[in-house]
Amino acid sequence: MKWLHWYFRTNLLVRILIGLAAGSLAGIVFGPRIEWVSPLGDVFVRLLKLIVMPVVVFTLIVGAASIHPARLGRVGIKALLLYTLTTGFAVAIGLAVGNVFQPGAGMKLAGSAAGGSMGIAAPSLLQTVLEIVPLNPFKAITDGNMLQTIFFAILFGMGVAYLRESADPRVRQAADTVFAFFDGCAEVMYKVVNWILQYAPIGVFALIAVVFGQQGPEAFGPLAMVTVSVYAALLLHLIVVYSGLLVIFRIHPLKFLVRAREAIVTAFVTRSSGGTLPVSMDVAENKLGVSKGVYSFTLPLGATINMDGTAIYQGVCVLFIGFAVGAPLDFGQQMTVILTAVLASIGTAGVPGSGAIMLMMVLNSVGMEVEQGTSVAMAYSMIFGIDALLDMGRTALNVTGDLVVTCGVAKVEGELDETCWQADAPGAAAPEVV
Ligand code: ASP
């Protein structure tokens, strides 16, 4: 089978890019008729989702168990600080760009609204914080509740870390056995990730083809300005905030992007930070040289609470809706948006489209309720229509942010193996997987 030979011999990223280009073209040429390929994309997303919880549980337990509890606290605080800070900048950039581009200005929407997605209640912040503590950790894992799972896995891993230092040799040996077991489980999952990545180019082709098939050239109607604004703000955040942060940490931004590309492209096409997590972890370990003790904690946490792209999107879209309904946001309202968008992005799940649901929470905070029949609901439905396009960019930035902060924290902690960044190092070779 010649083409099979070609497929497995070709560099993975080249194959993914071919899938991306061919999928976009097929979507534009065939339009909605291309939808029959969507199961090929769904399989890819399902495969990624399949490994998320096991990867998180195993790597987090091993990660937490590998470092002394005092260190875990230091890593956690640094990561949390950086995550929150960058998200604050993100909303501010979204608002600034929105004010310059003024998407939706002069539209003056009125009348009844269409759209079936109205009336979904966003959870309160207090509730979100309380629910981090699981009543039943096993249920948290089976339900795919990321924050609860992180909480339990860290607790468990810390327990193992303490017992590995125990004075009682029996307890020490038992803890070492538990550690070795979970370490083995984590390694097995990484192997499975590598296998799944082999399917990525086909999955990417199907996912992109369906998006372009559905949206078609109409996607570039009155909403083109929103799309341009969101992407301009995403790019600005990447160039100013992330590059600035990397330079502060003495990490070369371009080299970083090149090495992190697989995770960024996966996030772009899957539109899910959670789904991209196994790839981000693979990239952190093998391409960026981050120690497991750092990334096993910072990446799942980032995929859950750090959504800079989502925060930017929310900033731009709130402005768009304000302009579109003829009630542009004043300065005070925009300050409120900064606060609520940071909180909303923290509460946004790393799955496709969830940022659009949390947008309602931000809209409520400035008195724009999404209620059926209102012009706000109408403007909101318009955004909802192109959500896939916006979600791709924001998810790519969300994942980039997780990796930037992870590298930064690793660097400060002396846990970044920079030898693998050298051009001739094995990790710098083509992103080929077994
Ligand atoms: N899809 C985004 C993510 O997974 C979340 C969002 O919808 O904004 O990161």
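These numbers come from a predicted model, not from an experiment.

> Hey, could you go over the side chain of asparagine 306 for me, with residue numbers and the actual values?
Following the sequence through the fold, asparagine 306 ends up in the loop between helix 12 (292-305) and helix 13 (308-324). Separated by 3.3 Å, the side chains of asparagine 306 and threonine 87 make a polar contact. In this view, asparagine 306 contacts Tyr83, Thr86, Thr87, Leu301, Asn398, Gly401 and Asp402; residues no more than four positions away in its chain are not counted.

> Outline the nonpolar core, supporting the account with residue identities and numerical values.
The biggest cluster of nonpolar side chains holds 124 residues, and the ones touching the most others in it are Phe256, Val290, Val318, Ile321, Val337 and Leu403. Excluding anything up to four places from it in sequence, valine 290 contacts Ala284, Glu285, Tyr295, Thr406, Cys407, Ala410, Glu415 and Leu416. The next biggest cluster of nonpolar side chains, apart from the first, holds six residues, and it includes Val37, Ala206, Ala209 and Val210.

> Let's hear about empty space enclosed by the protein: which residues, and what values?
Evaluated as defined, the whole model comprises four cavities of 30 Å³ or more. There is about 70 Å³ of room inside the largest cavity. Counting only elements with at least two residues in the lining of the largest cavity, the list comes to helix 15 (354-365) and helix 17 (387-412). Per-element accounting of the lining of the largest cavity gives the leading share, four residues, to helix 17. Of the residues belonging to the lining of the largest cavity, the class tally is four nonpolar, nine polar and three charged.

> Let's hear about the site of the ligand: which residues, and what values?
Among the 17 residues in the neighbourhood of the ligand, the closest are listed as Ser273, Thr310, Gly355, Asp391 and Arg394. Backbone polar atom of serine 354 to an oxygen atom of the ligand: 3.1 Å apart, as the coordinates give it. Bound to the protein, the ligand loses 100% of the 270 Å² it would expose on its own. One can see that the ligand is located within the largest cavity. For the shell around the ligand, the leading source of residues is helix 17, giving four residues. Looking at side-chain class alone, the shell around the ligand contains four nonpolar, ten polar and three charged residues.

> Can you tell me about the packing of helix 9 (residues 224-248) against helix 17, naming the residues and giving the values?
Their axes nearest at 10 Å, the elements helix 9 and helix 17 cross at an angle of 5°. By the criterion of interaxial angle, the relationship of helix 9 to helix 17 is roughly parallel. Taken together, the residues of helix 17 that come into contact with helix 9 (itself represented by Val226, Thr227, Val230, Tyr231, Leu234, His237, Leu238, Tyr242, Leu245 and Leu246) are Leu389, Leu390, Met392, Gly393, Arg394, Leu397, Thr400, Gly401 and Val404. Residue composition of the contact of helix 9 with helix 17, grouped by class: 13 nonpolar, five polar and one charged.

> Would you mind going over the packing of helix 12 against helix 17 in detail, with residue names and values included?
A packed helix pair is summarised by two numbers, namely the angle formed by the two axes and the spacing between the axes. At a closest axis distance of 9 Å, the pairing of helix 12 and helix 17 adopts a crossing angle of 150°. It follows that helix 12 is roughly antiparallel to helix 17 by the angle criterion. In the packing of helix 12 onto helix 17, the handedness of the crossing is right-handed. Contacts from Val294, Tyr295, Thr298, Leu299, Gly302 and Ala303 of helix 12 reach helix 17 at Asp402, Leu403, Thr406, Val409 and Ala410. Each residue belonging to the contact of helix 12 with helix 17 can be placed in one class, and the counts come to seven nonpolar, three polar and one charged.

About the criteria used
- Residues numbered from 1 in each chain as written.
- Predicted model: local features only at pLDDT ≥ 70, side-chain atom pairs only at ≥ 80, totals over all residues.
- Heavy atoms only, no water.
- Helix = DSSP H or I, 4+ residues; strand = E, 2+ residues; numbered from the N terminus.
- Polar contact = N/O pair within 3.5 Å; in protein donor to acceptor, adjacent residues only side chain to side chain.
- Contact = heavy atoms within 4.5 Å.
- Core = buried A, V, L, I, M, F, W, Y, C linked by side-chain atoms within 4.5 Å.
- Buried < 20%, exposed > 50% of the residue type's maximum accessible area, 1.4 Å probe, protein only.
- 1 Å grid on protein atoms, 1.4 Å probe; cavity = no way out; pocket = protein on both sides within 12 Å on 5 of 7 lines; lining within 4 Å.
- Points joined across faces, edges and corners; volume = space filled by probe spheres on them.
- Nonpolar A, V, L, I, M, F, W, Y, C, P; charged D, E, K, R; others polar.
- Near = heavy atom within 4 Å.
- Areas by Shrake-Rupley, 256 points an atom, 1.4 Å probe, with all protein chains shown as cover.
- Sits in = over half its atoms within 2 Å of the grid points.
- Axes fitted to C-alpha atoms, helices over the stretch in contact; angles between N-to-C directions.
- Parallel < 35°, antiparallel > 145°, perpendicular 65-115°, else oblique.
- Left-handed = near helix turned anticlockwise from the far one by under 90°.

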